[in-house]
Amino acid sequence: MHAPPCNWGGPGLRCNPAPIIARMSPEQLTAYLHEHIPLVAAMQLRVLRNDEQGLVIEAPLEPNRNHRGTGFGGSLVTLGIAAGWSLLQQALRREGLQARVVVQRSECDYLEPVTAAFSAAAAVQPEEWAKFADSLRQRGRARIVVHSTLHCAGREVVRHSGTFVAIAGEDR
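Every value quoted in this text rests on a predicted model; they were computed, and no experiment measured them.

Peer 1: Whenever I open this one, the nonpolar core confuses me. Can you help?
Peer 2: Note on soluble globular proteins: their nonpolar side chains tend to be buried together. By size, the foremost hydrophobic cluster in this structure holds 41 residues, and its most contacted members are Ile 57 and Leu 79. Listing elements by their share of this core, those giving two or more residues are helix H1 (26–36), strand E2 (54–59), helix H3 (73–95), strand E3 (99–110), strand E4 (118–123), helix H4 (126–139), strand E5 (141–152) and strand E6 (155–168). Among the elements that line this core, the one with the most residues is H3, at nine residues.

This is the structure we're talking about:
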């Protein structure tokens, strides 16, 4: 899949002349997140998978526990946000689009206590991604909802929904 030509006309939109923007490996994305988002470094977040099937990140319980020894709600929501944000950043990178991505809204349903290491899986439906990317190309901004599911010990423990906004231009 090649990046579209650089004549999209979107305000502030830049396209990369390289035909394909390499996807970061899980290790590279983990390092990027740790360097640019100190909270996820403190959480000891680690990217397990970053491919066409979606993105999976995990965190150990110990640095993310509350006073009861279970997962701290703030860490759980942060993992959901980080999964959604990372998925979008990598998809934009793959398309050759440069945009600043921020979370606008975040909601969690806490289903069960988290008692061990936990992971978040995020994915976007292809038709939703197409609408998002088209809006970004045409209007210079776009909005999308990314759903993440958090698991612990093979059980679904949290459902996260994040609304993200992308504004065309260089990500800082």
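There is more to say, and it comes next.
Peer 1: Which parts of the structure should I look at to understand the pairing of strand E1 (residues 46–51)?
Peer 2: Across a regular strand the side chains alternate sides, sitting on one face of the sheet and then on the other. Bridging between E1 and E2 involves five bridges; their strand directions are antiparallel. Bridge assignment links Arg 49 to a residue of E2, and that residue is Val 56. From the end of E1 to the start of E2, which pair antiparallel, there are two residues.

Peer 1: Which parts of the structure should I look at to understand the sheet that holds E4?
Peer 2: In a beta sheet, neighbouring strands pair by backbone hydrogen bonds and run either parallel or antiparallel. Strand order in the open sheet formed by six strands is E1-E2-E4-E5-E6-E3, with antiparallel pairing between adjacent strands. What marks the edges here is a single partner per strand, and that holds for E1 and E3. When the angles between neighbouring strand axes are averaged without regard to direction, this sheet yields 20°. In this sheet, E4 lies alongside E2 in antiparallel orientation, the contact comprising five bridges. Its bridge partner being in E4, Ile 57 is matched across the sheet by Ala 120. Along the sheet, H3 makes contact with E1, E2, E3, E4, E5 and E6, crossing E3 at roughly 145°. Taken strand by strand, H4 contacts E3, E5 and E6, and its axis lies near 145° from that of E5.

Peer 1: Looking at this structure, how should I read the pattern of salt bridges?
Peer 2: Close approach of charged atoms lets side chains of opposite charge pair. As enumerated under the stated definition, the model contains nine salt bridges in all. Through salt bridges with shared partners, a single network forms among Glu 95, Asp 134 and Arg 137.

What counts, and where the lines are drawn
Residues numbered from 1 in each chain as written. Predicted model: local features only at pLDDT ≥ 70, side-chain atom pairs only at ≥ 80, totals over all residues. Heavy atoms only, no water. Core = buried A, V, L, I, M, F, W, Y, C linked by side-chain atoms within 4.5 Å. Buried < 20%, exposed > 50% of the residue type's maximum accessible area, 1.4 Å probe, protein only. Helix = DSSP H or I, 4+ residues; strand = E, 2+ residues; numbered from the N terminus. Pairing = 2+ DSSP bridges. Axes fitted to C-alpha atoms, helices over the stretch in contact; angles between N-to-C directions. Contact = heavy atoms within 4.5 Å. Salt bridge = Lys/Arg side-chain N within 4 Å of Asp/Glu carboxyl O.

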